[in-house]
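Residue strings, one per chain:
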Amino acid sequence: MSAPAPAPSTAPATEPANGPDARAVFAADGGTRSERLRTWWRKHRFWLLAGTAFVLVITVSVVLGLSGQRSGGPLAIDNPAPEGGRAAASVLRGQGVEVTATDSLEATIAALQANGPAASTVLVYDPQTLLRPTQLAELSGAATDHDAKVVGIAPGPLAVQKLSSDISSAGVAPAGAAAVQADCANPDASAAGSIDSESIDGLGTAGSGTSVFLYRGTQTCFTPDGGTAGLLASNSTGSVSVLGNAGVVSNNSLASRGNAALVFRLLGSRPQLIWYTASLKDVPVASQPPSLAELTPAWIFPASAWLLLVGVVGMLWRGRRNGPLVTEPLPVIVKASETVTGRARLYQDAKAVDTAARTLQHATLTRLARQLRLGATAGPDAVVAAVAGHTGRNGRELHQLLVAGVPRNEKEMLTMATQLAALEEEVTQR
């Protein structure tokens, strides 16, 4: 009895790893470097763009926030530029003086009231001459009521009179002097010794052309050329002082000569310093907007009436008048060449190639019928047959040229016109 055959194995047959029948396995290496970069970019570009946009938003927000906290105005206590006043304010704060910046008369008077009597020094700087005399008088009265010290920085002639009647304007400082000696008994000026008499860029007063003024007062110091007017003047009580050179307080010139000593003694003698820079908030707002008549100069209406009168007189004097009608015999005779040229230009402007071609074909058929004596009632097919018999040409070609052919552009139309002229000349010569 024979042994049973072994059951077939269900396990898949494995091919030898090495051998003539082994299959080659392809392993991708990612392609070239540029292909790998493109693949990587397609995979990660969303997050890269989103991250870049987020960084840009954060950067712009930080820059705008920092710029919003920094003033660009001259002598501003948070302006680190050469024309700013940050250095003086920082040193005074380091010495225990509380520096408060205000930008309106209302805020300045409120700060005076909050500080109490004999506690404040008010620095007044109005580079754009925005304050009216009544506002300066109000400020001076409030400072007197609270026993405050007022230091005006380069005030104009009208402003000086309102700050103190003991001080008056005396013009501008002469150019060329770099330093001016104190030459007075004022203790603040004597401690400084000398200060700068040259202005710096960005600290000019509107309309003055210079930022260095001279004054006369009960005490006058820093007089150029030994005159009677100086850069610093005070009233009899010393409660009001005016400094003609705003550059002395600026960051750029504070460390020069005795500028710092003078500034710190003028502004740091009281525990509270109100740093008041006039702004547009001090400009009064009208109760109602001005009308057009209020904004119009007074000379506009007389000038307009005069110009209107002159225009009417000119039209009556030189205006055109309708004369008598001109008679012309009818009908008007126009040359045939002018008519043909005019119609051709109309066809050209309208790009009517098919209409122009039909006109040429019809005219050629009419002249050929007359030449071949076919009569005016002969149809196109009869004319084509007669021309074919007369010239020996192919009838189909003649029918395409004289009847059925329609050019598609101007070039083909010119070719057709040349062929029609040649055909007509051939029929005429035979």
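Remember, it's a predicted structure, so these values are computed and weren't measured experimentally. (Residues numbered from 1 in each chain as written. Predicted model: local features only at pLDDT ≥ 70, side-chain atom pairs only at ≥ 80, totals over all residues. Heavy atoms only, no water.)

Caption draft 1: Structural detail: the overall build of the protein. Along its length, the protein carries 14 helices and eleven strands. The buried share among the 430 residues of the protein stands at 32%. Counted over contacts in the protein with a minimum sequence separation of 6, partners at least 24 positions apart contribute 66%. Of the roughly 27600 Å² that the protein leaves accessible, carbon and sulfur atoms contribute 59%. (Helix = DSSP H or I, 4+ residues; strand = E, 2+ residues; numbered from the N terminus. Buried < 20%, exposed > 50% of the residue type's maximum accessible area, 1.4 Å probe, protein only. Contact = heavy atoms within 4.5 Å. Areas by Shrake-Rupley, 256 points an atom, 1.4 Å probe, with all protein chains shown as cover.)

Caption draft 2: View of the packing of aromatic side chains. Tallying each qualifying case throughout the model produces two aromatic pairs. Ring centres of F46 and W47 lie 5.1 Å apart, and the angle between their planes is 75 degrees; on these two criteria the pair is classed as edge-to-face. Each member of the pair F46 and W47 is classed as exposed. On the numbers, 6.5 Å between centres and 35 degrees between planes, the contact of F213 with Y215 is tilted. (Phe/Tyr/Trp six-rings, centres within 6.5 Å; stacked < 30°, edge-to-face > 60°.)

Caption draft 3: The arrangement of the packing of helix α12 (residues 380–391) against helix α13 (residues 395–404) in detail. At their nearest, the axes of α12 and α13 sit 9 Å apart, and the two run at 130 degrees to each other. On the basis of the axis angle, α12 is oblique to α13. Once α12 is placed against α13, the crossing between them reads as right-handed. In this structure, α12 contributes P380, D381, V384, V387, A388 and T391 to the contact, and α13 contributes G395, L398, H399, L402 and V403. Its residues assigned to classes, the contact of α12 with α13 comprises seven nonpolar, three polar and one charged. (Axes fitted to C-alpha atoms, helices over the stretch in contact; angles between N-to-C directions. Parallel < 35°, antiparallel > 145°, perpendicular 65-115°, else oblique. Left-handed = near helix turned anticlockwise from the far one by under 90°. Nonpolar A, V, L, I, M, F, W, Y, C, P; charged D, E, K, R; others polar.)

Caption draft 4: Here's a closer look at the pattern of salt bridges. According to the stated counting rule, one finds six salt bridges in the structure shown. Ionic pairing is found between R265 and D188, a salt bridge with its closest N-O pair at 3.0 Å. Linking R265 in helix α7 (residues 259–267) with D188 in helix α6 (residues 187–192), this pair joins segments that are 77 residues apart in sequence. R265 sits in the partly exposed class, given a relative accessible area of 37%. Given the relative accessible area of 14%, D188 is considered buried. (Salt bridge = Lys/Arg side-chain N within 4 Å of Asp/Glu carboxyl O.)

Caption draft 5: Layout of α7. Every buried residue belonging to α7 is among N259, L262, V263, L266 and L267, and all of these are buried. Burial along α7 is one-sided: seen end-on, the buried residues are contained in an arc of 105 degrees. (Arc of directions from axis to C-beta.)

Caption draft 6: The arrangement of the packing of helix α11 (residues 353–371) against α13 in detail. Their axes nearest at 8 Å, the elements α11 and α13 cross at an angle of 115 degrees. Across from R358, Q361, T364, L365 and L368 in α11, the residues of α13 making contact are Q400, L401, L402 and V403. Among the residues forming the contact of α11 with α13, the class breakdown is five nonpolar, three polar and one charged.

Caption draft 7: A look at the sheet that holds strand β2 (residues 120–125). What the seven strands build is an open sheet, ordered β1-β11-β2-β3-β10-β9-β8; its pairing is mixed. Edge positions in the sheet fall to β1 (98–102) and β8 (219–221), since each has one partner strand and no second. Within this sheet the neighbouring strands show an average axis-to-axis angle of 15 degrees, counted without direction. Two elements, β8 and strand β9 (residues 232–234), share three bridges in a ladder whose sense is antiparallel. (Pairing = 2+ DSSP bridges.)

Caption draft 8: How the structure looks around unusual backbone geometry. Phi at A154 takes a positive value of approximately 50 degrees, unusual for a residue other than glycine. As for its placement among the helices and strands, A154 is situated in the loop between β3 (149–153) and α5 (157–163). Given the relative accessible area of 4%, A154 is considered buried. For R257, which is not a glycine, the phi torsion comes out positive at approximately 50 degrees. Inspection of the secondary structure assignment puts R257 in the loop between β10 (240–243) and α7.

Caption draft 9: The arrangement of the nonpolar core in detail. One finds I153, F222 and W275 to be the most contacted residues of the largest nonpolar core, which totals 37 residues. Every element with two or more residues in this core is listed here: α2 (86–94), β2, β3, α6, α7 and β11 (272–277). In terms of residues, this core owes the most to one element, α7, which gives four residues. Grouped together as the second largest cluster of nonpolar side chains are 26 residues, L105, I167, Y276 and A278 included. (Core = buried A, V, L, I, M, F, W, Y, C linked by side-chain atoms within 4.5 Å.)

Caption draft 10: Representation of helix α14 (residues 410–429). With 20 residues, α14 extends 29 Å between its outermost C-alpha atoms, agreeing within 8% with the 28 Å of an ideal straight helix rising 1.5 Å per residue. In this structure, the buried side of α14 is in contact with α11, α12 and α13. Sitting at the head of α14, N409 places a side-chain oxygen 3.2 Å from the backbone nitrogen of K411. (Expected span 1.5 Å × (residues − 1). Polar contact = N/O pair within 3.5 Å; in protein donor to acceptor, adjacent residues only side chain to side chain.)

Caption draft 11: Quick peek at the state of the cysteines. Inspection of every chain in the model, using the stated rule, returns one disulfide. Across a sulfur-sulfur distance of 1.9 Å, C184 and C221 are joined as a disulfide pair. Judged by the sign of its S-S torsion, about 100 degrees, the bond between C184 and C221 is right-handed. With C184 in the loop between β5 (179–181) and α6 and C221 in strand β8, the pair connects residues that are 37 residues apart, well separated along the chain. Given the relative accessible area of 1%, C221 is considered buried. (Disulfide = S-S within 2.5 Å.)

All quantities given are derived from atomic positions and should not be read as evidence of function.
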